[in-house]
Amino acid sequence: MKSEYRHRIGICWIGCLLFFASCGKSPAAFPAGDEGSVLLTFRAEVAGTGASVCAGEASAADDGTVNQLQVVILSREEGSAEGAAGRWAVEVNRTIGGGSVGVPLSDAYTFRVQAGCRKRIYLLANCRGLQGVGGGLLDFTNAAFVPGADGRAAIDGYVFRLGTGAGEYRYDPAAGIPMTSVYEVEVPAAEELADNEYEVPYTLYLVRAATKFSFGFTNRTGTVPADAARAIRVERVRIEKIAATQMYLMPQVRPNAAGRYWVVDSDRASVVLLGQDGGEVTARDWIEWMVTETGQADAHRYQWLTGYEVPLARAQHTSAEYVWKGGVAVAPDAKRVEAPSAVYLPESAYLAEEDAGAALGLQHYSIAFATRQRDNALEDKEENWYAVEYAPVRLPALASLFRNTHVKVNVGFTDRNPELELQVDVEPYWEVNLEPDFGI
């Protein structure tokens, strides 16, 4: 009797809900009245869609806790008369919150800044306490944000490490998933502004520095035939070809030779360039592409962002294993069972070996499951349970593991043989449960 073991995978951005409270502006960072200064106001959201959460209301998602938000604003001074480039200086470095529980955050923030110059705005949520590769805490003082001669600041290259040992950082949704972004904004001169205030005309989005895997299981062994029914405990999952131990804090999206960002189109054979041709291209272009993709519902037009860097090379990608304590019990009643916890991992970039795939940055990942199973007619005693492991199988629809990606895996068990067959539907953004097909 051949095993039929199928699942569908839905991929969506983790940021499918908005977690910032919308209960009013934050106060100005500094007193009003400074000569040549204005009030700079912007709105912040997590990349994705959803409704704001006011103080006292719980978020609907388990990874929505924000314990602190650090806002850093730099101003670029004008260059010299000889044409030298201007310097960047930190104007604002403020942390909002910082307690052990989530804090309500405003939907708009106002800070007093110098007028008539370019600003670089860093948003960092839940980043305190992260350790660098060497083990020391990452530095978030002013010096970390000032660019050097190459135009990059220390913060732009930060890598935080993850582990499972004592004292090592691991993703914890209750403590808050790290989220970051950086924007550049032109603030007009004070005389050009009414009421001495400038409001950024678009939203500044935070992007989670993590990927997420969630799992659902359905046991249909009682139908092929009925006397083959067996109870199943899913004990662990192994995701292979993952950069499991290191993560860039800030996104490292890579422009092409023309200086524009690109995404792979839905046919996975061509690219789409982001940003206006001939105009300035910034991180806002790919972040707003991400937000737009989150809102569309046509899975057949899905695009992949593949042009980005990760701190670990292809040869350093390994496997990550997650164990569900006590196992996930799945009875042979054809009812879908959700795993009690998701798996959070760094973004990865394990490139496909084929020439075409490598050129486009397409990636390959594999997944395997270990279970304990018992003939359903037998008594629930330990001696009646036996191990069944499912060999790794490549996920053919997962072409990128860029940050903020949510991989939803629905697994269907049919008969005994530990073979894994995939039928994959890509549902990038819909918060729906996908039911696997059986019987082929």
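Report on the accompanying structure.

Each value, and the rule that gives it
- Residues numbered from 1 in each chain as written.
- Predicted model: local features only at pLDDT ≥ 70, side-chain atom pairs only at ≥ 80, totals over all residues.
- Heavy atoms only, no water.
- Helix = DSSP H or I, 4+ residues; strand = E, 2+ residues; numbered from the N terminus.
- Buried < 20%, exposed > 50% of the residue type's maximum accessible area, 1.4 Å probe, protein only.
- Polar contact = N/O pair within 3.5 Å; in protein donor to acceptor, adjacent residues only side chain to side chain.
- Pairing = 2+ DSSP bridges.
- Salt bridge = Lys/Arg side-chain N within 4 Å of Asp/Glu carboxyl O.
- Axes fitted to C-alpha atoms, helices over the stretch in contact; angles between N-to-C directions.
- Phe/Tyr/Trp six-rings, centres within 6.5 Å; stacked < 30°, edge-to-face > 60°.
- Lys NZ or Arg CZ within 6 Å of the ring centre and 35° of its normal.
- Contact = heavy atoms within 4.5 Å.

1. Structural notes on the environment of asparagine 126
Link 1 in the chain: Structurally, asparagine 126 can be placed in the loop between β7 (117-125) and β8 (159-161).
Link 2 in the chain: Exposure remark for asparagine 126: the relative accessible area of 5% places this residue in the buried category.
Link 3 in the chain: Spatially, the C-alpha atoms of asparagine 126 and glycine 176 are 5.6 Å apart, while their sequence positions differ by 50 residues.
Link 4 in the chain: Polar contacts involving the side chain of asparagine 126 include one to the main-chain carbonyl oxygen of isoleucine 177, which spans 3.0 Å.

2. Overview of the pairing of β7
Link 1 in the chain: Judged by how many residues are buried, β7 sits mostly within the fold: nine of nine residues are covered.
Link 2 in the chain: With seven bridges joining them, strand β4 (residues 68-76) and β7 adopt antiparallel strand pairing. Bridge pairing in β7 places valine 71 opposite leucine 123.
Link 3 in the chain: Sheet topology places β7 next to strand β9 (residues 179-187); nine bridges connect them, and they run antiparallel. For arginine 120, the partnering residue across the bridge sits in β9 and is glutamate 184.

3. Things to note about the pattern of salt bridges
Link 1 in the chain: Under the definition given, this model contains 18 salt bridges.
Link 2 in the chain: Linking arginine 118 and glutamate 186 is a salt bridge whose minimum nitrogen-to-oxygen distance equals 2.7 Å. Residue arginine 118 is located in strand β7, and its partner glutamate 186 is located in strand β9; the two are separated by 68 residues in the primary sequence.
Link 3 in the chain: For arginine 118, a relative accessible area of 17% translates into the label buried.

4. Some points on the sheet that holds strand β10 (residues 197-199)
Link 1 in the chain: Within the open sheet, the three strands sit side by side as β6-β2-β10. Their pairing is mixed. Two strands in the sheet have a free side with no partner beyond their single neighbour: β6 (109-114) and β10. Strand-to-strand, the axes of this sheet are offset by a mean angle of 30 degrees, without reference to chain direction.
Link 2 in the chain: Alignment of strand β2 (residues 37-42) against β10, held across three bridges, turns out to be parallel. Counted as the bridge partner of leucine 39 is glutamate 197 from β10.

5. Some words on the packing of aromatic side chains
Link 1 in the chain: By the definition in use, this model includes 18 aromatic pairs.
Link 2 in the chain: The interplanar angle of 90 degrees and the centroid separation of 6.3 Å between the aromatic rings of phenylalanine 160 and tyrosine 171 together place this pair among those described as edge-to-face. One end of the pair, phenylalanine 160, is in strand β8; the other, tyrosine 171, is in the loop between β8 and β9, with eleven residues separating them in the sequence. Across the pair, tyrosine 171 and phenylalanine 160 agree in class, each one buried.
Link 3 in the chain: Positioned above the aromatic ring of tryptophan 88 is the side chain of arginine 120, whose terminal nitrogen or guanidinium carbon lies 4.3 Å from the ring centre.

6. Brief notes about the sheet that holds strand β13 (residues 230-242)
Link 1 in the chain: The sheet built from four strands is open, its strands ordered β17-β13-β20-β21 with antiparallel pairing. Each edge of the open sheet is held by one strand with a lone partner, namely β17 (318-330) and β21 (386-394). Adjacent strand axes in the sheet meet at a mean angle of 15 degrees when their direction is disregarded.

7. As for the side chain of asparagine 219
Link 1 in the chain: Checked against the element boundaries, asparagine 219 lands in strand β12 (residues 211-219).
Link 2 in the chain: Engagement of the side chain of asparagine 219 in a polar contact is seen with the side chain of threonine 221, the distance being 2.7 Å.
Link 3 in the chain: In contact with asparagine 219, not counting residues within four places along its chain, are Arg230, Ala231, Ile232, Val330, Ala331, Pro332, Asp333, Ala334 and Phe413.

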